[in-house]
Amino acid sequence: MEKMVYTAGNEGRDVFWNAVNFQIPLDIFALIAFAILGYGLYKRWQLWTAVGKPETRMDQRNVRIKTLLRNGLLQASVSRDKYPGIMHGLIFFAFLVLIWGAAFDAFQFYSGIHFLGKPYLIFSFVMDVFGLAAIIGVVLAINRRYFEKPDRLGYKGKPDNKLDDAIVLVLILVIMVTGFIIEGLRIAAFDYPEFEKVSFVGYTTALMFQGISLDTLKFSHQAMWWFHALLAMGFIAYLPFSRLVHIVTSPINQYMKNLKPFGYVEPIRDFENAESFGVGKLDEFTVKQIFDSDACTRCGRCQDGCPAYLTGKDLSPKKMVQDIKTHWLERSPLVFAAKQAAGPEGTPEIPEPEKSLINDVVGANPVWDCTNCMHCMEHCPVFIEHVPKIIDMRRYKVLMEADFAPELQLTYRNMENNSNPWGIGSHLRADWAKELGVKTMAEDPNVEYLFYVGCSGSFDDRGKKITVAFAKLLKEAGVSFAILGTEEGCCGDSAMRGGNEYLYQALAQYNIEIMNGYGVKKIITTCPHGYNALKKDYPLLGGNYEVYHHSEIIADLIASGKLKPTKPVDAVITLHDSCFLGRYNKIYDQPRKVLQAVPGLKLVEMEKCRDHSFCCGAGGARMWMEEHGTRINNTRTDMAIAVGAQKVATACPFCMTMISDGIKDRGKEEQMSSLDIAEIVLQSLGTESKQEEPAAEQKTA
Amino acid sequence: MNIIACVKQVPDTEALIKAKPDGSGIVEEGIKWVMNPYDEFGVEEALKMKEKFGGDVTIITVGPPRVMETIRTALAMGAEKGIHIDDPSLYGADAYATATALAAAIKGIPYDIIFCGQRAIDDDSGQVGAVLAELLGIPQVTIVTKLEVADKAVKVVRPIEGAQLVIQSPMPCVVTAQKGLNEPRYASLPGIMKAKKKPVEVKNAAALGITAESKAKVVKTVPPPARPPGKIIEGDDPALKAATVCKLLREEAKVI
């Protein structure tokens, strides 16, 4: 056996033991590997920068670094999903630790400083732990991709596995396994020193090599060592040409995360001088928007909760991003070559793309399938921004080509002519308030809150009931408020998200002018679409207000004792989270607090709730469009039926319409109803006995 | 091909219409004005023809300064130029005076086909297209839901009770558009931007060499009588309630 020189208290090993004449070839290989890595990334850089409008995301450095540390280094966003989180975490942290382990070895070798004794024992143990972690992680990944085959690692039931996926997994697995074999062979060659038991995986591996001659052990060790070293070099060289490039691109994308409000869509700023609106060609995206697609690892979390995808529509956010990536990889080299040929001064002759971005690459249906529910963006671990891309493409279809669904054209005309999507005469906007004695801002501008009612609350019969209920709550609680009455206009959310930015800005500017004219400071809305638009989009056009959703206000009024729900409402109830309230604005708790304050209610949660909530299907202008195939609202209603809900609470008039329709469609009108949280609280106040209980009234009559 | 589309600006169908207290017309304040929907079918068909055969689409309208907005809407859809006949003597003109003004403006320019809406949704008179054709001495095909052009002639479909007529007419001619002819396009944003710079000639009666005289005059505008409120019959006994309904229908409403 090989002579053991390391004694108790001085445990250790020779770094690069048994590797004869390795240094020069290893250096050469390493040089080649890193040269290929550098070259590959350089070529990639050229592709990243060749196409797209400029966009820099380098402001707020400290926030960006924190985001990167939290989600890159600490894997916060990746670990939100258990199985893949653990799987990726094992590989990721192993990679991180083992790389420093290798560097530590190299340091010891070149510096001649050897850490012996306890540091060595700890080091060797840690290396073994993380080596094993990587193996477990890769096995989990192989199991998931090739045996469990979840739908999200494919499209419509067909896996989208690539050869590259297999190569990467096998590569990591073999590197890890050979590492342990090398360790085992060495431990066997030194005749199983007791202290090496801390290298528990290597030691266990060594036990398989009992009775093998020293020469064979040393020869095998050397061969295996080279194999291992070359694979590791191969890994480095392969990185820029494989999915491994996400090691570079994903953290960069995390660093460039949108720090503006969640759901932010860059407004069109200059209608007069722009030649083109929206995105109809790849190069009309910004470089960041295109870079997104290179940060995508096809993990499929976006697809996994997409209401359009899950009800059989063509859209898959993952596929869209990948389709853009494929198109970019076709186009970008051509554009780069053309720019090179033209030189810095010349005008590059860029060949026209053979495929139309919207019609051929992404597909017109997917562009219109999206409900803007933001599930994809909420759950993308590398912060890819799907929804703004979709809105940009819709803008092109609407503003440039005027090629979009006829029913949406009608909606826009209605919004143009009567400032509401239904096209009901705008003079009827405040009719709901006639008998309630609600003041208008014109009558009394010195109120604390403007109650911005919105179109659903003003024109839709069901929506008007919500408005009335909420106005009664405000009066009951003595809140000082007024409405704009017929001066109010449509918030424009559906126009904006449906790609009609021009119409949206006209509507928004009208409202802003009116509100600023009254010096409005605080606004309450019952519709989360208006809420989100007024709160996040209007400031970009000069409207800066404190905006509250009625769920926040009601929760506050209950907490401060101004509203006292005392009358029991006996029912099993579930809350359907509105996307524009929940994911967009993280208002999950307030509506639940409101419901929990109502005696008698038993709140049950649907499987998909809070940040995983399943859209009702009405967001992103889908409210006004025909839906083909399985209806999203019916699918959502089924989830409420599944938990045995007698009432479905909503906090959004669009959701109300969709869930009510779902209940009707499923023939559950006898057993179920949908109610806005304001209506439930009003019932519980017990001041509404006449209207709310016609049955009781009949008996006494 | 030189195509002309005549348009009229009308109150939006959902607008609140109030008669002036003196009955001299409607209160225009607060009204949202739009292009007459039937004229929109005409404009759309004109644009489709242009796209197929080439040429220009000219929009002509009669009315006060506010109608310029409607011309711009048609220009945004894709028409090339506009003529705005603005003369106080023509405000509130009848079909004959309006058609006289249109004919005078059209006589001065080349044309192969003229589109009008089959009627305007405000006064529902439905005569301008017909009178215009008479004044120009050209054929007219009215209430058209389908149109084909071949060999300097149009072949159109005109639905009638229980059947449809296929009518052929030489060009130039006047075609009045009915719902079903097409789906008017939504103007693109570049279209809207370009429309602001497209030429619109404004002419008055003198420039056209006409004296507008309406043959028919609106004597009085009165609102329709307000609907009496509905009655809800209350009670516990369905039979008694039904009897009450019968009694009321017989005695009050006098329908049975």
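If you're wondering where the values come from, they're calculated on a predicted model, not measured in any experiment.

> Describe unusual backbone geometry, listing the residues and the values that go with them.
The amide bond that connects B:Met171 to the next residue, B:Pro172, takes the cis arrangement and shows omega of 0°. For B:Pro172, the position within the fold is in the loop between β10 (163-170) and β11 (173-177). In this structure, A:Lys149 takes a positive phi of about 45° despite not being glycine. With respect to the secondary-structure elements, A:Lys149 resides in the loop between α4 (118-148) and β1 (154-155). The residue A:Arg298 is not glycine, and still its phi comes out positive at about 60°. Inspection of the secondary structure assignment puts A:Arg298 in the loop between α9 (287-295) and α10 (301-304). Looking at A:Arg298, the relative accessible area reads 7%, which means it is buried.

> Before we move on, can you summarise the pairing of β10(B) with the specific residues and values?
Residues and elements named next belong to chain B. Inspection of the sheet shows strand β9 (residues 153-160) paired to β10 by eight bridges, in the antiparallel sense. The residue of β10 that forms the bridge with Val157 is Val166. Hairpin remark: β9 followed by β10, antiparallel, with two residues in the connecting loop; positive phi at Gly162, about 75°.

> Which residues make up the pattern of salt bridges, and what values do they have?
Pairing is possible between side chains that carry opposite charge, provided their charged atoms lie close to one another. All chains considered together, the criterion is met by 55 salt bridges over all chains. A:Lys439 serves as the salt-bridge partner of A:Asp444, at 3.0 Å between the closest nitrogen and oxygen. Of the charged contacts in the structure, one is a salt bridge between B:Glu201 and B:Lys203, with a shortest N-O distance of 3.5 Å. Judged by its relative accessible area of 22%, B:Lys203 falls in the partly exposed class.

> Before we move on, can you summarise the domain arrangement of chain A with the specific residues and values?
By the assigned domains, chain A splits into domain 1 (87-241), domain 2 (282-400), domain 3 (417-558) and domain 4 (565-690). With centres defined by C-alpha atoms, the gap from domain 1 of chain A to domain 4 of chain A works out at 51 Å.

> With reference to specific residues and values, describe the interface of chain B and chain A.
On the chain A side, the residues contacting the 18 residues of chain B number 22 residues. Interface area, chain B with chain A, both sides summed: about 1600 Å², of which 53% is carbon and sulfur. A per-residue breakdown of the area chain B buries against chain A is headed by B:Glu14, B:Tyr186 and B:Leu189, which together make up 43% of the total. Scanning the region where chain B abuts chain A turns up two salt bridges. Put simply, B:Glu40 and A:Arg413 hold a salt bridge, and the shortest N to O gap is 2.3 Å. No other element matches the four residues that helix α5 (residues 189-195) of chain B contributes to the side of chain B that touches chain A. Along the lines of polarity and charge, the residues of the side of chain B that touches chain A split into ten nonpolar, one polar and seven charged.

> I'd like to hear about helix α8 (residues 246-255) of chain A, residue by residue, with values.
Among all positions of α8(A), only A:His246, A:Thr249, A:Ser250, A:Asn253, A:Gln254 and A:Tyr255 are buried. As for α8(A), its buried residues are in contact with α1 (23-50), α2 (61-73), α3 (82-111) and α9 of chain A.

> Break down empty space enclosed by the protein for me, with residues and values.
Residue and element names in this part refer to chain A. In total, this model carries eight cavities of 30 Å³ or more according to the counting rule given. In this structure, the largest cavity spans a volume of roughly 150 Å³. The set of elements that each furnish at least two residues to the lining of the largest cavity consists of α18 (454-459), α20 (493-497), α22 (528-537) and α26 (653-665). When residues of the lining of the largest cavity are assigned to their parent elements, the largest contribution, four residues, is made by α18. In terms of residue class, the lining of the largest cavity is made up of eleven nonpolar, seven polar and one charged.

> I'd like a rundown of helix α5 (residues 163-189) of chain A, residues and numbers included.
Between its first and last C-alpha, α5(A) extends 38 Å over 27 residues, near the 39 Å set by a 1.5 Å rise per residue. Of the residues trailing α5(A), A:Asp191 is marked for its positive phi of about 60°.

> Hey, could you go over the side chain of A:Arg64 for me, with residue numbers and the actual values?
Residues and elements named next belong to chain A. Inspection of the secondary structure assignment puts Arg64 in helix α2. Side-chain polar atoms of Arg64 contact the backbone oxygen of Tyr255, separated by 2.8 Å. Here Arg64 is in contact with Arg57, Met58, Asp59, Tyr255, Met256, Lys257 and Leu259, once residues within four sequence places are set aside.

> Hey, could you go over the sheet that holds β9(B) for me, with residue numbers and the actual values?
Residues and elements named next belong to chain B. Across the sheet, which stays open at both edges, the three strands sit in the order β8-β9-β10 with antiparallel pairing between neighbours. Looking along the sheet, the strands with just one partner apiece sit at the ends: β8 (146-150) and β10. Direction aside, the axes of adjacent strands within the sheet are offset by 20° on average. The sheet contact formed by β8 and β9 spans five bridges and is antiparallel. Residue pairing in the sheet places Leu147 in a bridge with Val156 of β9.

> Provide a residue-level description of the side chain of A:Lys397, including the pertinent values.
Its location among the elements puts A:Lys397 in helix α16 (residues 386-400). Sequence-distant contacts of A:Lys397, that is, excluding residues within four places in its chain, are made with A:Ile358, A:Asn359, A:Trp368, A:Ala402, A:Asp403 and A:Phe404.

Definitions and limits used
- Residues numbered from 1 in each chain as written.
- Chains lettered and ligands numbered in written order.
- Predicted model: local features only at pLDDT ≥ 70, side-chain atom pairs only at ≥ 80, totals over all residues.
- Heavy atoms only, no water.
- Helix = DSSP H or I, 4+ residues; strand = E, 2+ residues; numbered from the N terminus.
- Buried < 20%, exposed > 50% of the residue type's maximum accessible area, 1.4 Å probe, protein only.
- Pairing = 2+ DSSP bridges.
- Salt bridge = Lys/Arg side-chain N within 4 Å of Asp/Glu carboxyl O.
- Domains from an automatic or database assignment.
- Contact = heavy atoms within 4.5 Å.
- Buried area = accessible area lost by both parts, 1.4 Å probe.
- Nonpolar A, V, L, I, M, F, W, Y, C, P; charged D, E, K, R; others polar.
- 1 Å grid on protein atoms, 1.4 Å probe; cavity = no way out; pocket = protein on both sides within 12 Å on 5 of 7 lines; lining within 4 Å.
- Points joined across faces, edges and corners; volume = space filled by probe spheres on them.
- Expected span 1.5 Å × (residues − 1).
- Polar contact = N/O pair within 3.5 Å; in protein donor to acceptor, adjacent residues only side chain to side chain.
- Axes fitted to C-alpha atoms, helices over the stretch in contact; angles between N-to-C directions.

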